[in-house]
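Close look at the chain arrangement
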Amino acid sequence: MIIAAYFRAIGQIGDNRFLRVLALGVGLTIALLFGFTVLFAWTVGLLVPDSFAIPWIGEITWIDNVASLAVIPVMIGASVFLMVPVASAFTALFLDSVADAVEAKHYAGLPPVAHIPFSESILESLKFLGILFAVNLLAFILYLFFPPFAPLIFWGVNGLLLGREYATMVARRRMGPKEVRSFRKRHSTKFWIAGVLMAIPLTIPIMNLIMPIIGVAAFTHLFHRLAERDQVAA
C-alpha cells in the first residue's frame, strides 16, 4: 500500500499544481539557506579577529577572510541535513494545492474541504520547522558518538517526525482533531515507514527538493486507502 501510494504520487509529478508548489518551495528553500549561509559567514567574520601576531612569524591579517570562506563548504554539507526541515516546512505552506490536485484526479466526488487559513499554515510550518531543527540537533550528537549508524539514525528520526506531521496535515483536511489523533495512532507504524521512505531521498541533492511534494501526494493516497479500510472494518 505504501509503495503503491508513492508510485501514484510520482506518476502525477508533471501536474501543473505540483510544479507550481515545486517552484515556490525550491525558491524559498534556496533563499533561506543562502541567507543563513551569508549570516553565518558574517557572524564568523565578526568573531574572528582581523589580525593577530605569531612569534617569529609576525602579524597575520587574513585569518578572518579564510574563516568566513571556510563556512561555505561547511554550510553546503550541513544543507543535506537542513534541507529536510526547511523543504518540508515550506511545502506545508502549500499542502492544500498538492492534496487538491491528488483528490481531483484520483478521488473525484469527494465533498470540498475547508482549507486552513494561510496565517495558520505559516504558524504550523514554523512550529514544525522548530521541532525538526531541535530534534535533528539532538540527533547530531548521536551522529558524533555512532558515526557508522548516522544515516540510519537520521532516516529513523526524521521518518518518525515526517510521518507524524504529514499524516496529521493530510488527515485534518477531512477529520476533526480527535479523529486525527486516533487515526494517526491506529496507523502509526505505516506512517513511520512512509516517513522513512520520504526521509531517505531527502538526503539526495535535487531529489530533496522534489520529495516533499511527492510525500504530500503519497500521504494523501495513503490517508484515503487507510480511511477506506477503517470504514470497511467498522
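Scroll up for the structure.
This one's a predicted model, so the numbers in the text were calculated from it and none came from an experiment.

In this section: helix α8 (residues 188-199). Between its terminal C-alpha atoms α8 stretches 16 Å, which fits the 16 Å expected from 12 residues at 1.5 Å a residue. Inspection of α8 places Phe191, Ala194, Gly195, Val196, Met198 and Ala199 among the buried residues, and these make up the whole buried set.

Our focus in this paragraph is a nonpolar patch on the surface. A cluster of nonpolar side chains, Leu138, Phe140, Ile141, Leu142, Leu144, Phe145, Phe146, Phe149 and Leu152, forms an exposed patch at the surface whose accessible area comes to about 980 Å². Looking at the nonpolar patch, the element that brings in the most residues is helix α5 (residues 118-145), giving six residues. Tracing the sequence through the fold places Ile141 in helix α5.

Next up on the list: the pattern of salt bridges. Considering all chains together, one arrives at five salt bridges under this definition. Between Glu103 and Arg173 there is a salt bridge, with its nearest N and O atoms 2.9 Å apart. Of the two residues, Glu103 is situated in helix α4 (residues 95-106) and Arg173 in the loop between α6 (150-171) and α7 (177-186); the sequence distance between them amounts to 70 residues. Of the two residues, Glu103 and Arg173, neither departs from the other in class, the shared state being buried. Arg186 serves as the salt-bridge partner of Asp230, at 2.9 Å between the closest nitrogen and oxygen. In this pair, Asp230 sits in helix α9 (residues 207-233) while Arg186 sits in helix α7, placing the two residues 44 residues apart along the sequence. What you see here is one network of salt bridges that share partners, running through Asp100, Glu103, Arg173 and Arg174.

Counting residues in each nonpolar core, the largest one holds 40 residues, and the members touching the most others are Tyr6, Tyr166, Phe183, Met198 and Phe219. Mapped by element, the contributors of at least two residues to this core are α1 (2-11), α2 (16-47), α4, α5, α6, α7, α8 and α9. Here this core takes 11 residues from α9, the largest share from any one element. If you look at the next biggest cluster of nonpolar residues, it comprises five residues, including Ala139, Ala150, Ile153 and Phe154.

So, about the environment of Val216. Relative to the helices and strands, Val216 resides in helix α9. Under the relative-accessibility criterion, Val216 is labelled buried at 1%. Sequence separation between Val216 and Ala99 is 117 residues; the distance between their C-alpha atoms is 6.8 Å.

Attention shifts here to the packing of aromatic side chains. Throughout the structure, instances matching the rule amount to four aromatic pairs. Judged by centre distance (5.8 Å) and plane angle (55°), the rings of Tyr166 and Phe219 are tilted. Of this pair, Tyr166 sits in helix α6 while Phe219 sits in helix α9; the two residues are 53 residues apart in sequence, bridging distant segments of the chain. Accessibility assignment for this pair places Tyr166 and Phe219 in one class, buried. Look at Phe191 and Phe219: their rings are 6.1 Å apart centre to centre, the planes differ by 20°, and that puts the pair in the stacked class. Taken together, the residues Phe191 in helix α8 and Phe219 in helix α9 connect sequence positions 28 residues apart. The class of Phe191 is buried, set by a relative accessible area of 3%. By relative accessible area, which is 1% here, Phe219 ends up buried.

Inspection of the secondary structure puts Arg184 in helix α7. Buried charge without a partner: Arg184 forms no salt bridge, and the closest opposite charge is Glu165, 6.8 Å away. At 2.8 Å, the side chain of Arg184 forms a polar contact with the side chain of Thr168. Setting aside its immediate chain neighbours within four residues, Arg184 contacts Arg164, Ala167, Thr168 and Phe191.

For the rest of this paragraph, the subject is the side chain of Glu103. Take Glu103: its relative accessible area is 7%, and that puts it in the buried class. When sequence neighbours within four positions are dropped, the list of residues in contact with Glu103 reads Ala108, Leu110, Arg173, Arg174, Thr220 and His224.

To continue, consider the packing of α6 against α9. Two elements in contact, α6 and α9, have axes separated by 9 Å at closest approach and are oriented at 65°. Crossing of α6 over α9 shows right-handed handedness. Note on element contacts: α9 touches α6 through Pro212, Gly215, Val216, Phe219, Thr220 and Phe223, opposite Leu162, Gly163, Tyr166, Ala167, Val170 and Ala171.

Parameters and conventions
Residues numbered from 1 in each chain as written. Predicted model: local features only at pLDDT ≥ 70, side-chain atom pairs only at ≥ 80, totals over all residues. Heavy atoms only, no water. Helix = DSSP H or I, 4+ residues; strand = E, 2+ residues; numbered from the N terminus. Expected span 1.5 Å × (residues − 1). Buried < 20%, exposed > 50% of the residue type's maximum accessible area, 1.4 Å probe, protein only. Patch = residues over 30% accessible without salt bridge, like charges linked within 9 Å, V, L, I, M, F, W, Y side chains within 5 Å. Areas by Shrake-Rupley, 256 points an atom, 1.4 Å probe, with all protein chains shown as cover. Salt bridge = Lys/Arg side-chain N within 4 Å of Asp/Glu carboxyl O. Core = buried A, V, L, I, M, F, W, Y, C linked by side-chain atoms within 4.5 Å. Phe/Tyr/Trp six-rings, centres within 6.5 Å; stacked < 30°, edge-to-face > 60°. Lys, Arg positive; Asp, Glu negative; His and termini not counted. Polar contact = N/O pair within 3.5 Å; in protein donor to acceptor, adjacent residues only side chain to side chain. Contact = heavy atoms within 4.5 Å. Axes fitted to C-alpha atoms, helices over the stretch in contact; angles between N-to-C directions. Left-handed = near helix turned anticlockwise from the far one by under 90°.

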